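Results of the structural survey
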Amino acid sequence: MTSPASSSEVKYLIESSEGNTFDVSGAALRQSNTFNAMFLNIGADGPIPFTDYNEATLKKVFEYCEHSVNEENYSGPKHQDDLSKWDLNFFNEMDQKMFIDVINASNFLDIERLTSYCCERIARMLRGKNTQEMIKVITLPTAEELEAKQKVEEKKAAAAKKVAEKAAETAEKTETLEELPVQQLVQTTRNKLTRKYLSFSNE
Amino acid sequence: MMEKAQPIWQELPTHCKADVVSYLDFESRCLLRSCSKSDYDLVKSCPVYLGKVELFPPTRFALSEQSYQIDEFKQVMVFLQVFQHPKSYAREVSINFDRFYESGDIQQFFILLLDSMKTKTDFKIKSASLYINDHAKTVNGREFLELLQFFDSSKLKKINLSSQIAPEYFEMVSKTEQWKNATELKAFGYYNYNIPIESLLHFDRLNVQHINRLSTEKAWKFIENFLRRNPALGSCFQVQTMFALDIDGILENFSVFPNNEPTEHEYSTYYKHTQLFELPNPNHICVVKISEHGIYAAVCRITHLEPDFRWYLFGVRIE
């Protein structure tokens, strides 16, 4: 099914994180520098595994690639006013979760055009906002949230330290007799017997 | 229940964040910088590319035509932030002192600016153009020399000064790399002292107004040097003098027969002599015009002598 791409008619099978496979044209796939570096010259025997990303995300990414196959000369992201209806729909259809997944997948696949568009879109979301609004837009944790998170982590670290210390202490106490050298073993037994004798004699 | 918003920012790879920052204007970058420590570091690591950076102390500051009302301390702070990254670049840096500003205050502002830049290691202003509007001639000496040396000499191409360079500093200024590497000079001050013209001859575009006197030898030296450099189309110079030129004396120095060939279509008595000098490129002509108080020269297309002459020297378009 998959072979070294020499013509745009060639189709490649892509495998998503769910194990599902779907077709992508060679022309679309060649917009990915990751693909070009890994498979373009040697081809692929089976489906190409992009298993870090789900099917919906990959389909969205390659939908963009398929659409921009004919846009040969790329000179940076377009201005908002120059975006086509298709471009606008493409971005508007995505929810925030999908948008993040698309950026990350596009970044992994090294699709310069899509990554730049996404970054420009985030920049547009930030422009003209004050700091508080920016934090909200990009959902950064607030200073209080960061402080609370740090406190929880400190508590966790302290608890883990305590547990580790206790474990070490217990391990010290429960030293197995076999692990002790013979002389030390004799001495330990003697001490125990002495303590037992003394306790009896005290009674 | 409303779905919790996804944290866009933390999920983004660092180079994508840098990409986002590159699309932000300077003001948004400053605001993003205050969001968190990591954003501060991110913004700091991204160079800024701006059109004009204009300082109008004490109250106004402008970045790429966007004006802000900020005091002089903040202006210096922002100025340092703009050029903090070694790759940051502005097309023009303009320092504009209001006419009615006390000269002592101008000096104080300049010292604040210079001292702040000195505290930064290897601080360089990367800009193609420097414009200083200082009618009071308060900072035309040591301060100007020091400021000029903060500019990256490989980037600075154009120097535009509203007032004269103090006589005791002219030589030092002309020996800086920044001066030597610049290709364009506009000097509008009154040079009531004899400036060594040798330090002006390397400019491809030169506009010096109000030179004190220009001897016939020096006047010819300007023209001869210009021709010898085989100037490119658009190269030009104009030197105006406070005292009238000895036109006949200049013409006597000409290496060719003085032949007056006016290029303007309408009748004009402003230019007393127009000479057309041939250049190695047969499509170009060097038009030299001499008026009572100035010499004007420009390399023009042979087919568009007057339009090119006016455009290159005065920025005026004619048919």
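Residues numbered from 1 in each chain as written. Chains lettered and ligands numbered in written order. Predicted model: local features only at pLDDT ≥ 70, side-chain atom pairs only at ≥ 80, totals over all residues. Heavy atoms only, no water.

Concerning the overall build of chain B
What counts is decided by this rule: Strands are runs of DSSP state E lasting at least two residues, helices are runs of H or I lasting at least four, and both sets are numbered from the N terminus onward. Under the scheme applied here, a residue whose accessible area is under 20% of the maximum for its type counts as buried, over 50% as exposed, and between as partly exposed, the area being computed with a 1.4 Å probe on protein chains only. Two residues qualify as a contact provided that any one of their heavy atoms is within 4.5 Å of a heavy atom in the partner residue. Note that accessible areas follow from Shrake-Rupley with a 1.4 Å probe, and for residues the cover is restricted to the protein chains shown. For the purpose of charge, His is not counted, nor are the chain termini; Lys and Arg are scored as positive and Asp and Glu as negative. Note that the charge is assigned to NZ on lysines, CZ on arginines, CG on aspartates and CD on glutamates.
On a plain count of helices and strands, chain B comes out with twelve helices and twelve strands. In terms of its C-alpha atoms, chain B occupies a principal-axis envelope of roughly 90 × 45 × 30 Å. In chain B, which comprises 319 residues, the proportion classed as buried is 53%. In chain B, the share of contacts with a sequence separation of at least 24, taken over all contacts with a separation of at least 6, comes to 58%. Total accessible area on chain B stands at roughly 15600 Å², and carbon and sulfur atoms take up 51% of it. With 35 positive and 40 negative side-chain charges, chain B shows a separation of 5 Å between the mean positions of the two kinds.

Let's talk about the pairing of strand S9 (residues 236-241) of chain B
Residue and element names in this part refer to chain B. Let me state the cut-off plainly: DSSP bridges decide pairing: two strands pair if at least two such bridges lie between them. Think of it like this: strands point away, you trace from the first strand over the helix to the second, and a clockwise trace means the crossover is right-handed.
Burial analysis of S9 places six of its six residues in the buried class, the great majority of the element. The side-chain alternation of S9 yields two buried faces, one formed by Cys-236, Gln-238 and Gln-240 and the other by Phe-237, Val-239 and Thr-241. Two strands pair when backbone bridges link them, and strand S8 (residues 205-211) and S9 are joined in this way by five bridges, in the parallel orientation. From the neighbouring strand, Ile-211 faces S9, where its bridge partner is Thr-241. On the question of chirality, the crossover connecting S8 to the parallel S9 by way of helix H10 (residues 216-228) is right-handed.

Details of the nonpolar core
A general trend in soluble globular proteins is that nonpolar side chains are found buried together. Applicable threshold: We call a set of buried residues a nonpolar core when its members are Ala, Val, Leu, Ile, Met, Phe, Trp, Tyr or Cys and they connect through side-chain atoms within 4.5 Å of each other.
Membership of the largest hydrophobic core comes to 76 residues, with the highest contact counts inside it found for Val53(B), Met117(B), Ile125(B), Leu147(B), Leu200(B) and Ile223(B). Every residue in contact with Ile125(B), bar those within four places of it in the chain, is listed here: Phe79(B), Phe83(B), Val93(B), Met117(B), Leu147(B), Phe150(B), Phe151(B) and Asp152(B). Grouped together as the second largest cluster of nonpolar side chains are 50 residues, Cys65(A), Val102(A), Val21(B) and Cys35(B) included.

Section: the sheet that holds strand S1 (residues 11-15) of chain A
All names here are of chain A. Basically, it comes down to this: Here the axes come from fitting lines to C-alpha atoms, over the contacting stretch only for helices, and the angles between their N-to-C directions go from 0 to 180 degrees.
One open sheet accounts for three strands, arranged S2-S1-S3; its pairing is mixed. For this open sheet the edge positions go to strand S2 (21-25) and strand S3 (48-49), each flanked by a neighbour on one side alone. Across the sheet, helix H3 (residues 55-67) touches S1 and S2, and the angle it forms with S2 is around 15°.

Some thoughts on the interface of chain A and chain B
The line we're drawing: Defined in terms of a 1.4 Å probe, buried area is the accessible area two parts forfeit on being brought together, summed over both. Here, a salt bridge means any Lys or Arg side-chain nitrogen found within 4 Å of an Asp or Glu carboxyl oxygen. In protein, a polar contact means a hydrogen-donor-capable atom and an acceptor-capable atom, both N or O and within 3.5 Å, with residues adjacent in sequence counting only if both atoms are side-chain atoms; elsewhere, any N or O pair within 3.5 Å suffices.
Chain A puts 27 residues into the contact, and the matching count from chain B is 22 residues. The junction of chain A with chain B conceals about 2200 Å² of combined surface from both sides, 71% of it contributed by carbon and sulfur atoms. Viewed at the interface, chain B and chain A are joined by zero salt bridges. Counting every contact that joins chain A to chain B gives three residue pairs in polar contact (both at pLDDT 80 or more). Ranked by residue count, the leading element in the side of chain A that touches chain B is helix H6 (residues 112-126) of chain A, at eight residues.

Considering unusual backbone geometry
All names here are of chain B. Cis geometry marks the peptide bond from Pro-57 to Pro-58, where omega comes out at 10°. Structurally, Pro-58 is set in the loop between strand S1 (49-56) and strand S2 (60-63). Residues other than glycine seldom take positive phi values, yet Asp-122 does so here, at roughly 50°. When you line up the elements, Asp-122 lands in the loop between helix H6 (103-119) and strand S5 (127-133).

Notes on the packing of aromatic side chains
Residues and elements named next belong to chain B. The condition that has to hold: Aromatic pairing here means that ring centres of Phe, Tyr or Trp (its six-membered ring) are within 6.5 Å. Orientation follows from the plane angle: under 30 degrees is stacked, over 60 is edge-to-face, and everything else is tilted.
If you walk through the whole model with that rule in mind, you get 28 aromatic pairs over all chains. Taking 6.2 Å as the distance between ring centres and 80° as the angle between the ring planes, the aromatic pair formed by Phe-97 and Phe-109 counts as edge-to-face. Highlighted residues: Phe-97 in the loop between strand S4 (89-96) and H6 and Phe-109 in helix H6, separated in sequence by twelve residues. The same class applies to Phe-97 and to Phe-109, which are both buried.

A look at the packing of helix H5 (residues 72-82) of chain B against H6(B)
Residue and element names in this part refer to chain B. The criterion, for reference: Definitions for this section: a left-handed crossing has its near helix turned counterclockwise from the far helix by less than a right angle. A right-handed crossing has that turn clockwise.
Running from N to C, H5 and H6 cross one another at 35°; their axes reach a closest spacing of 10 Å. At the point where H5 passes H6, the crossing takes the right-handed sense. Where H5 abuts H6, its residues Glu-72, Phe-73, Gln-75, Val-76, Phe-79 and Leu-80 lie against Phe-109, Leu-112, Leu-113, Ser-116 and Met-117.

With respect to the packing of helix H7 (residues 142-149) of chain B against helix H8 (residues 167-174) of chain B
Residues and elements named next belong to chain B. Applied cut-off: An angle below 35 degrees is read as roughly parallel, one above 145 as roughly antiparallel, one from 65 to 115 as roughly perpendicular, and any other as oblique. Residue polarity follows a fixed list, in which Ala, Val, Leu, Ile, Met, Phe, Trp, Tyr, Cys and Pro are nonpolar, Asp, Glu, Lys and Arg are charged, and the others, Gly among them, are polar.
Between H7 and H8, the least distance of the axes is 9 Å, while the angle of their chain directions is 15°. Compared by their axis directions, H7 and H8 come out roughly parallel. Of the two elements, H7 crosses H8, and the hand of that crossing is right-handed. Contacts between H7 and H8 involve Arg-142, Phe-144, Leu-145 and Leu-148 on the former and, on the latter, Tyr-169, Met-172 and Val-173. Among the residues forming the contact of H7 with H8, the class breakdown is six nonpolar, no polar and one charged.

Focus: the pattern of salt bridges
According to the stated counting rule, one finds 20 salt bridges over all chains in the structure shown. In this structure, Arg127(A) and Glu120(A) form a salt bridge, with 3.5 Å as the shortest nitrogen-oxygen distance. With a relative accessible area of 8%, Glu120(A) lands in the buried category. Between Glu264(B) and Lys289(B) there is a salt bridge; the shortest N-O distance is 2.9 Å. Placement of the pair is Glu264(B) in the loop between helix H11 (247-253) and strand S10 (271-278) and Lys289(B) in strand S11 (residues 284-291), with a sequence separation of 25 residues. One network of salt bridges, in which partners are shared, links Asp115(B), Lys118(B), Arg142(B) and Glu146(B).

Side note on the side chain of Glu55(A)
All names here are of chain A. Considering the arrangement of structural elements, one finds Glu-55 in helix H3. A relative accessible area of 17% places Glu-55 in the buried class. A distance of 2.8 Å separates a polar atom in the side chain of Glu-55 from a polar atom in the side chain of Asn-20. When neighbours within four sequence positions are excluded, Glu-55 is seen to be in contact with Ser-16, Glu-18, Asn-20 and Phe-22.

Here's the deal with the sheet that holds S9(B)
All names here are of chain B. The twelve strands are arranged S3-S2-S1-S4-S5-S6-S7-S8-S9-S12-S11-S10 in an open sheet whose pairing can be described as mixed. What marks the edges here is a single partner per strand, and that holds for strand S3 (66-69) and S10. Taking each pair of neighbouring strands and ignoring which way they run, the sheet shows an average axis angle of 10°. The strands touched by H10 are S8, S9, S10, S11 and strand S12 (294-301); relative to S9, the strand with the most contacts, the crossing angle is about 175°.

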